[in-house]
Amino acid sequence: MTNNKKLTKESIKELINILTLEQKVKLCSGKNLWYLEDFEELGIPGIMVADGPHGLRKQVTEVETLGIADSVPSTCFPTAATLACSWDRELVFEVGNAIGEMCRQEKVSVLLGPGINIKRSPLCGRNFEYYSEDPYLTGEMATAFIKGVQNQGIGTSLKHFAVNNQEYHRMVFDSIIDERTLREIYLTGFEMAVKNAQPWTMMTGYNRINGIFCSDNHRLLTKILREEWGFNGVVMSDWGGTNDRVAGIKAGMDLEMPSSGGAFDDMVKESLENGTLSIDDLNKSIERLLNLVKKSQAQLDGTYLCDMNAHHRLARKAAAESAVLLKNEGNLLPLKKDIHVAIVGDMAKNLRYQGHGSSLINPDRLETAMDEISRFIDREAVTTYAQGYLSGTDKTDTGLLKEAVTTATNADVAIVFVGLPPIFESEGYDREHMAMPANHIELIEEIAAVNDNVVVVLSNGSPIELPWIDKVKSVLETYLGGQASGGAVTDVLFGVVNPSGKLAETFPMNGHDTATYRYFPGESRQVQYREGLYVGYRYFDTVGKEVRFPFGHGLSYTTFEYSNFSLSKAEITDAESVIATVTVTNTGNVAGYEIVQCYVHDLESSVYRPEQELKNFAKVYIQPGESREITMVLDRRSFAFYDVNTADWQVETGEFEIRLGSSSRDIKLRRRLTVTSNFSFTGSPSPDEYRLPLKEHFTISDDAFTELVGQPVPPVDPVYPFHINSTMGEIKDTFFGRIIYKRARKAAFKVWKGEMDDTTKKIIEIGLLGSPLRSLVLLTGGKFSFSEVQGLITILNGRFFKGLGMVLGLIRNK
Ligand code: BGC
């Protein structure tokens, strides 16, 4: 019997009394891969959640979690890494709003995103899904996106909470981090989004923080998220990321996803009976879950149809506004329509426009650069094409290379399409280096040897080394621009759109240059965040190290001048805000956007601070010859640091320099400001090694890191004896472990029907090696029980007969 009544505040209270313990426990776990549990007879419908977040990935079949199976065609928008380069709060809101519309159409109540983990290292395989290396920019982008989706009455799931900045050993690694770095770098984006946009749900990270799994972490999920930040939504696990369900409920982790077939139910009931878990904690989760269903109900009735054409146009606009013009010597760009263009490179036809993994969208249409450029330029003009290289390998194909050189030789301009093939970066594994495939580099160099006018168009989800850059005139970074990338690139190359994107992350000269290089991705499942606050430009700008392109960099087809910088006050108390005002003039010939960045530099501090930090920005559209005045507010938090001693944000009395720039290395104007406060620092000074002068190649001693963390670094888990969180990679070298691993591998690959691409194969192979034994229960929908897995572990630990007895006994008892 279905009860069609809508949930209300009162009926939720009533339901909490009516629901049996059994039903409550069931509600705290998914019904299957994408649906929450339902009790239709009680008026509790099962709502659906689905991936994105760069579009909607609503799976048609019920099999897997990594974007392998078919999903409903949807608009594929630029990925988060791309969109962040627009620095455009309104545009990001619009994209979120459109994805929210798509969710309404498909009756998906919660979109699983945005992902906002900080790009600690350019090598994290999943960076294309994240916004920035900077927490403020991350927080602003996430806020806009969440507001956009939720504007449609659809929820979001802000992920992956928290300190989840790598893919290596992704289900078990332990992030060892000091409290100040945690707060200032890794939690700030989440905090801003929670406080300013109230996402309906949060998704926990797979990892541990200082020894405690995110999904069991009371401090993270209750103390910080709910009590400090006022979050009132649902916390769900990442898929298969529940460690200990009882600890999770106590910690405030309301929903286990996906269903583990009731694997934890008995443990939860037993803990309720023996008093180790209180019914109050369970009821709190039930109330939050029912509230989520209540919020979702409005959009479950009726029908909604998206305007897919409008969404595609928006995707094109978003991609064009996010493209970053890295270099443009002699103003080679924009190109004229009536020239002979040689288009070179497989990526011109086979675009790389999105990343692999759970965010993989099935686009409803696809524009290639080749088609769009050919469509755009005059009919009399000559367009020639050569493939240049084979994708999926970095070996040179001499025939293709030769053909490309011939094609480019007599052209007025050669546009070379290169970047990172999918297998180079993906969810599920990290990058090994920052280099492009050798055959892409060779192609650029050979073309540049025969043609002086080379434009390189890059498609990649994260920074790459550009050793060839001096040989070409123009470089356009399109990142992963979504299904309309081809059109967007054409718009920018030919000046229909004046590029305005600015890098949301630094492009280091090479992969060794970052402060995180030595400490990423850690060893033996432990990763030490030794670099502290020195992430991205915070490090490069503090040590003055040369970078390929700085944070915030991006050129335009016009030029801008900054003048009349003033502050509303020369002195404020820490309870006040200050307003920065500046005039920006378009001194060139075409209209365009400028993104003005506001950095704060603390002249003197009791604790170590990076050279400067982004605290606000403004984007403004200006006609040629026109001047626009813009304002940016700097509030208390713009000057504060997280004081570990008082466990709060504090501002010290002193002078600050406010810097306005068009990148972190192109500061145009500066003003001093005095801030006064009653706070006096009584904590411990920062370890010397974190203060200037930092070493060129960043190393931090064990002692300095221990001092920073404030407690001994926990020892790394021993491999033996095996336990529930031992990985397949760890057990596979034992006799029985090899058998388990082989069977699991076979099962993992069996899910796939049809041809599998190399990237997906790699995701599954590496993913499996890093999977803990508990995944046998959690990711098989309960095919195995925890007791059976404990039996296997006993066997693995050398007690064969006891383990076998456990397994057989259980099988017999079934
Ligand atoms: C990913 C999440 C994703 C989930 C569901 C996980 O493996 O880490 O970001 O939302 O799968 O597909």
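Keep in mind that this is a model prediction, so the values were computed, not measured. The residue numbering used here restarts from 1 in each chain and proceeds along that chain's sequence as written. Residue-level local features of this predicted model are given only where pLDDT is at least 70; pairs of side-chain atoms are given and counted only at 80 or more, and the full residue set underlies all totals for whole chains, interfaces and linings. To get the side-chain values, all heavy atoms of the structure are used, and hydrogens and water are removed first.

Novice: Please clarify how the overall build of the protein chain should be interpreted in this entry.
Specialist: A tally of helices and strands in the protein chain yields 23 helices and 27 strands. Note on method: radius of gyration uses C-alpha positions; expected globular size equals 2.2 Å times residues raised to 0.38. Whereas a compact globule of 814 residues would reach a radius of gyration of roughly 28 Å, the protein chain reaches 27 Å, a difference of no more than 12%. Based on the C-alpha atoms only, the size of the protein chain along its principal axes is roughly 80 × 70 × 55 Å. Sorting the 814 residues of the protein chain into buried and exposed places 63% on the buried side. To qualify as a helix, a DSSP run of H or I must reach at least 4 residues; to qualify as a strand, a run of E must reach at least 2; elements of each kind are numbered from the N terminus. Categorising residues by exposure relies on relative accessible area from a 1.4 Å probe, with only protein chains included: less than 20% of the type maximum marks a residue as buried, more than 50% marks it as exposed, and the intermediate range marks it as partly exposed.

Novice: Please explain the packing of aromatic side chains as it appears in this structure.
Specialist: What describes a pair of aromatic rings is the distance from one ring centre to the other and the angle between the planes of the rings. For Phe, Tyr and Trp, rings pair up if their centres lie within 6.5 Å, where Trp contributes its six-membered ring, and each pair is then called stacked (planes under 30 degrees apart), edge-to-face (over 60) or tilted (otherwise). Per the stated rule, a full pass over the model turns up 26 aromatic pairs. Following the ring pairs from residue to residue traces out a cluster consisting of W87, Y136, Y537, F551, Y599 and F617. The criterion is that NZ of a Lys, or CZ of an Arg, lies within 6 Å of the ring centre and within 35 degrees of the ring normal, and then a charge sits over that ring. Directly above the aromatic system of F376 lies the positively charged group of K337, at a separation of 4.8 Å from the ring centroid. Between the NZ or CZ atom of K732 and the centre of the ring of Y741, over which it lies, the distance is 6.0 Å.

Novice: Any chance you could explain the sheet that holds strand β3 (residues 155–161) here in plain terms?
Specialist: Either a parallel or an antiparallel arrangement is found when strands of a sheet pair, and the pairing is made through backbone hydrogen bonds. Reading across from one edge, β1-β2-β3-β5-β8 is the order of the five strands in this open sheet, with parallel pairing throughout. Every interior strand has two partners, whereas the edge strands, β1 (49–51) and β8 (234–236), have only one. In this sheet, adjacent strand axes meet at a mean angle of 30 degrees when their direction is disregarded. At least two bridges found by DSSP between two strands are what make those strands a pair. With three bridges joining them, β3 and strand β5 (residues 201–204) adopt parallel strand pairing. Across the sheet, residue L158 finds its bridge partner in β5, namely M202. What makes two residues a contact is simply this: any of their non-hydrogen atoms within 4.5 Å. Only C-alpha atoms enter the line fits that serve as axes; for helices the fit covers just the stretch in contact. Angles between N-to-C directions range over 0 to 180 degrees. The sheet contacts of helix α5 (residues 135–150) involve β2 (110–112) and β3, and relative to β3 the element is tilted by about 150 degrees.

Novice: Even after reading the chapter, I still don't get the packing of α5 against helix α6 (residues 179–197), so can you show me in this structure?
Specialist: To characterise two packed helices, one gives the angle between the axes of the helices and the distance between these axes. Put simply, α5 and α6 touch, their axes get as near as 8 Å, and they point 30 degrees apart. Considered as vectors, α5 and α6 are oriented roughly parallel to each other. For the element pair α5 and α6, the recorded crossing hand is right-handed. Taken together, the residues of α6 that come into contact with α5 (itself represented by P135, Y136, T138, G139, E140, A142, T143, I146, K147 and Q150) are E184, I185, T188, G189, M192, A193, N196 and A197. Of the residues belonging to the contact of α5 with α6, the class tally is eight nonpolar, seven polar and three charged. Note on angle classes: values under 35 degrees are labelled roughly parallel, values over 145 roughly antiparallel, values of 65 to 115 roughly perpendicular, and the remainder oblique. Left-handed is the label given to a crossing in which the near helix is rotated counterclockwise from the far helix by less than a right angle, and right-handed is the label when the rotation is clockwise. Each residue receives one of three labels: charged for Asp, Glu, Lys and Arg, nonpolar for Ala, Val, Leu, Ile, Met, Phe, Trp, Tyr, Cys and Pro, and polar for the others, Gly being one of them.

Novice: Please explain the site of the ligand as it appears in this structure.
Specialist: For this description, a residue counts as near a given molecule or strand if any of its non-hydrogen atoms is within 4 Å of it. The environment of the ligand is made up of 15 residues, and the closest members are D51, R126, H160, Y206 and D238. Contacts described as polar in this section are N or O atom pairs within 3.5 Å, which, within protein, must combine one atom able to donate a hydrogen with one able to accept it, while residues neighboring in sequence count only if both atoms come from side chains. Contacts to the ligand include H160, whose side-chain N or O atom sits 2.7 Å from an oxygen atom. A distance of 2.9 Å separates an oxygen atom of the ligand from a polar atom in the side chain of Y206. If the ligand stood free it would expose 310 Å²; the protein chains cover 99% of that surface. A breakdown of the residues in the shell around the ligand according to their chemical character gives five nonpolar, three polar and seven charged. Each accessible area value is a Shrake-Rupley result obtained with a 1.4 Å probe; residue values ignore everything except the protein chains displayed when judging cover.

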